[in-house]
Amino acid sequence: MYKDLQSVPKAYNEPVRNYAPGSPERASLKAMLAKMKSEKIEVPMVIGGERVKSENRVPINPPHDHQQVLGHFYKSDAGHVTMAIEAALKAAKAWADLPRQERAAIFLKAADLISGPYRDVINAATMLGQSKTVYQAEIDAAAEMADFFRFNVQYMVEIFAQQPGSDKTTWNRIEYRPLEGFVYALTPFNFTSIAGNLPSAPAMMGNVVVWKCSNTQTYSAKVLMDVFEEAGVPDGVINLIFPSGPVGGKVIMEHPDFAGFHFTGSTGVFQQIWKTIGTNIATYKTYPRIVGETGGKDFILAHKTAKVDEVVTGLVRGAFEFQGQKCSAASRAYIPSNLWPEIKEKLIEQVEGIKMGDPEDFTNFMCAIIDEASFDKLAMFIDNAKADAEAEIIAGGQHDKTKGYFIRPTVIVTTDPRYITMEEELFGPVLTIYVYEADKWEEALELVDTTSIYALTGAIFSHDRYATDQGTKYLLQAAGNFYINDKPTGAVVGQQPFGGARASGTNDKAGSYLNMVRWTSPRTIKENFLTPTDYRYPFMDEE
Ligand code: NAD
């Protein structure tokens, strides 16, 4: 173990607060929500530690009340992207030279800030800006963000401790250098913690970062930048900009010092950027590291021995929490015919009973869809299903964007196991179910494995150990996060490292050393204490 890091505090999962009526945390968060709604927040870019504004001021609207204005962010143009790259490169040497215990201390402090004095602010920003319920905000923006910081420090320590053996008269060692250049972090709207992890994980390993967040996550991104600054991340190490995707991508991907890409978002965007990197490959000084976690078409497969209430709870929570806008959300389910009548009845009752609305009303289980484009796409799939002969909507199906982008949790039952909503990622509160003959378990396994291009999360519910074993083996490549008798969402840092393969990403497992190790470019050093002084070997001597 490296001496300077021997005493780093052991990582732990941040306890999740429950915000029950009468609790102090509930009162304090409600006060923060009221305060933040009454103000208009300014969200400038942060380049080299400077707050930078442009002429292009864009309103930040809550998805559940889109006429309201929470504040404004400032759109970046190509010039700002270049400025951010230059600021990052300027900061690179000093940051790489800073002893790693200093970097560890910065991010341990960030964890304590986010779970302490910034907890209400980051939760309220996530609730108002991204339309999360209090619980969904708490497990993401406060708890998971703190977990990423604390556990990544521990993984960094473990990586640095990996050293080669040495022989007599030599000393071998590995120096864990940052990548040579800058890392581009391109982040999605749906998790504040992922948005914070994508720039901070490479930064912790000594890299400098240009970070572009989603237009619909700028409010909580601003809070994260405030935390980074207060925790002691030096100017220029993490630079936040708001260009449109293609504008940012063009400047970044054509830069010779582009050394790493840390992405979470949709599969199409990732594949397009990978192609651009391939086209520009001769431009770069070093082969860029490409880490991307992308889409999913996550499944729940119930065996005929599953327990009805367990399956129904897994379906409702797995499919509809945060309006189904989790990459891990269950969006296709395979239910055996023997359990279907009872599951159907309970599922309809529970789904129709779901309360939906403004996140400030803590009795709501669901809030609004992130933006109009997403709303329109989901409404189209739902309306098509109403007209399609092979689909029947048994719960939900209503949508209304008058005040906010609200879509009722919707359950489609299809007679075609390859119906479009069984295959395509819709990213919303739409669950499609196929009922299979209870004795055709193996056929169901084959369907689950081959129906979609994705392989992110999946769950089987079974109380037959042979079936569980068979399903676990058969679905080996069908999910990077596989659950037995549990919903396929809610991975916890340090417990279920997260990521999938096939079209779901490079499976570098956020929240594990496997991700952190991508952000270092090791140098091996061999030192010889008895350096040879004659090129001839003994075998060359005369008899
Ligand atoms: P998105 O792909 O639309 O956007 C991701 C980021 O890329 C945003 O910052 C966006 O502005 C930018 N972008 C969009 N189009 C671009 C383009 N043409 N060029 C360059 N940049 C561009 O994704 P989203 O809607 O923010 O997030 C939802 C998606 O993310 C879903 O597909 C979901 O499955 C996926 N996701 C995956 C994981 C995972 O761990 N696998 C986690 C969260 C989200």
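Calculation notes
Residues numbered from 1 in each chain as written. Predicted model: local features only at pLDDT ≥ 70, side-chain atom pairs only at ≥ 80, totals over all residues. Heavy atoms only, no water. Buried < 20%, exposed > 50% of the residue type's maximum accessible area, 1.4 Å probe, protein only. Helix = DSSP H or I, 4+ residues; strand = E, 2+ residues; numbered from the N terminus. Pairing = 2+ DSSP bridges. Right-handed = clockwise from strand over helix to strand, strands pointing away. Axes fitted to C-alpha atoms, helices over the stretch in contact; angles between N-to-C directions. Contact = heavy atoms within 4.5 Å. Patch = residues over 30% accessible without salt bridge, like charges linked within 9 Å, V, L, I, M, F, W, Y side chains within 5 Å. Areas by Shrake-Rupley, 256 points an atom, 1.4 Å probe, with all protein chains shown as cover. Salt bridge = Lys/Arg side-chain N within 4 Å of Asp/Glu carboxyl O. Near = heavy atom within 4 Å. Polar contact = N/O pair within 3.5 Å; in protein donor to acceptor, adjacent residues only side chain to side chain. Nonpolar A, V, L, I, M, F, W, Y, C, P; charged D, E, K, R; others polar. Domains from an automatic or database assignment. Parallel < 35°, antiparallel > 145°, perpendicular 65-115°, else oblique. Left-handed = near helix turned anticlockwise from the far one by under 90°. Disulfide = S-S within 2.5 Å. Buried area = accessible area lost by both parts, 1.4 Å probe.

**Observations regarding the pairing of strand S10 (residues 258-264)**
Every other side chain in a regular strand lies on the same face of the sheet, so the side chains alternate between the two faces. Within S10, seven of the seven residues are buried, leaving the element largely enclosed by the surrounding structure. Bridging between strand S7 (residues 182-186) and S10 involves five bridges; their strand directions are parallel. When the sheet's bridge partners are listed, phenylalanine 182 is paired in S10 with phenylalanine 258. In this view, the connection linking S10 to its parallel neighbour strand S11 (residues 289-293) by way of helix H9 (residues 267-279) has right-handed handedness.

**Description of the sheet that holds strand S13 (residues 330-336)**
Taken in spatial order, the seven strands line up as S14-S17-S18-S13-S12-S20-S21 in an open sheet, and their pairing is mixed. Sheet topology places strand S14 (391-395) and strand S21 (481-484) at the edges, where each strand pairs with a single neighbour. When the angles between neighbouring strand axes are averaged without regard to direction, this sheet yields 20 degrees. Pairing analysis gives four bridges linking strand S20 (residues 457-461) to S21, with the strands arranged parallel. If you follow isoleucine 460 over to S21, its bridge partner there is isoleucine 484. In the packing of helix H11 (residues 340-352) onto the sheet, the strands contacted are S13, S14, strand S17 (410-414) and strand S18 (430-436), and the crossing angle to S14 comes to about 60 degrees. Packing against the sheet, helix H12 (residues 372-387) makes contact with S14, S17 and S18, and its axis sits at approximately 110 degrees to S14.

**A look at a nonpolar patch on the surface**
Taken together, the side chains of Tyr535, Tyr537, Phe539 and Met540 present a nonpolar region at the surface, about 570 Å² in accessible area. Classification of tyrosine 537 by relative accessible area gives exposed; the value is 54%.

**Side note on the site of the ligand**
What surrounds the ligand is a group of 27 residues, the closest being Thr187, Ser266, Thr294, Cys327 and Glu425. Note that an oxygen atom of the ligand is positioned 2.8 Å from one of the backbone N or O atoms of threonine 187. Take glycine 265: an N or O atom from its main chain is 3.3 Å from an oxygen atom of the ligand. Elements that contribute at least two residues to the shell around the ligand include exactly helix H8 (245-253), S10 and H9. No other element matches H9, which puts three residues into the shell around the ligand. Its residues placed into classes, the shell around the ligand shows 13 nonpolar, 11 polar and three charged. Inspection of the shell around the ligand shows a minimum of three residues originating in each of domain 1 (40-294 + 505-526) and domain 2 (298-484).

**With respect to the packing of helix H3 (residues 100-115) against helix H7 (residues 218-231)**
It is at 8 Å that the axes of H3 and H7 come closest, and there the two elements cross at 130 degrees. Relative to H7, the element H3 lies oblique. Relative to H7, the crossing made by H3 is right-handed. Contacts between H3 and H7 involve Ile106, Phe107, Lys109, Ala110, Leu113 and Ile114 from the former and Leu224, Val227, Phe228, Glu230 and Ala231 from the latter.

**A short note on the sheet that holds strand S5 (residues 71-74)**
Backbone hydrogen bonds hold the strands of a sheet together, and the pairing may be parallel or antiparallel. One open sheet holds the three strands; their spatial order is S1-S5-S4, and the pairing between them is mixed. Either end of the sheet is taken by a strand with one partner, and the two such strands are strand S1 (41-43) and strand S4 (57-60). Neighbour-to-neighbour, the strand axes of the sheet open up by a mean angle of 25 degrees, direction not taken into account. Of the pairings in the sheet, the one linking S1 to S5 comprises three bridges and is parallel in character. Note on S5: the bridge partner recorded for isoleucine 41 is glycine 71. Together, S1, S4 and S5 form the strand contacts of H7, whose direction differs from that of S1 by roughly 75 degrees.

**What about the state of the cysteines?**
Across all of its chains, the model carries zero disulfides by this definition. The thiol of cysteine 213 is unpaired, and the distance to the nearest cysteine sulfur, on cysteine 327, comes to 17 Å. The thiol of cysteine 367 is unpaired, and the distance to the nearest cysteine sulfur, on cysteine 327, comes to 18 Å. Judged by relative accessible area, cysteine 367 falls into the buried class, the value being 1%.

**Comments concerning the pairing of S7**
Counting buried positions over the five residues of S7 gives five, a clear majority of the element. In S7, alternate side chains face the same way, and those of Phe182, Tyr184 and Leu186 on one face and Val183 and Ala185 on the other are all buried. Both S7 and strand S8 (residues 208-212) contribute to a ladder of five bridges, which runs parallel. Across the sheet, residue valine 183 finds its bridge partner in S8, namely valine 209. You can see the chain leave S7, run along helix H6 (residues 192-204) and come back into S8, and the turn it takes is right-handed.

**Focus on the domain arrangement of the chain**
Here the chain is described as being made up of domain 1 (40-294 + 505-526) and domain 2 (298-484). Here the C-alpha centroids of domain 1 and domain 2 sit 32 Å apart. On the domain 2 side, the residues contacting the 21 residues of domain 1 number 29 residues. A combined buried area of about 2,100 Å² lies between domain 1 and domain 2, and 63% of that area is made up of carbon and sulfur atoms. Broken down residue by residue, the surface that domain 1 buries against domain 2 is led by His64, His66 and Phe189, which jointly contribute 26%. Remark: the boundary between domain 1 and domain 2 carries one salt bridge. The shortest N-O distance in the salt bridge between aspartate 65 and lysine 403 comes to 3.9 Å. Contributing elements (two or more residues each) for the side of domain 1 that touches domain 2: helix H4 (119-130) and helix H5 (134-161).

**Thoughts on the environment of threonine 283**
In this fold, threonine 283 is placed in the loop between H9 and S11. The class of threonine 283 is partly exposed, set by a relative accessible area of 35%. A C-alpha to C-alpha distance of 31 Å links threonine 283 and alanine 221, two positions 62 residues apart in sequence. Non-local contacts of threonine 283, meaning those with residues more than four positions away in its chain, are made with Glu254 and Pro256.

**Observations regarding the pattern of salt bridges**
Within the structure shown, the criterion is met by 30 salt bridges. Connected through salt bridges with shared partners, the residues Glu14, Asp112, Arg119, Glu138 and Arg150 form a single ionic network.

**As for the side chain of glutamine 130**
In this fold, glutamine 130 is placed in helix H4. A polar contact is formed between the side chain of glutamine 130 and the side chain of serine 220, at a distance of 2.8 Å. Beyond its immediate sequence surroundings of up to four residues, glutamine 130 is in contact with Pro63, Ala125, Phe189, Phe191, Thr192, Thr216, Gln217, Ser220, Phe322 and Ile370.

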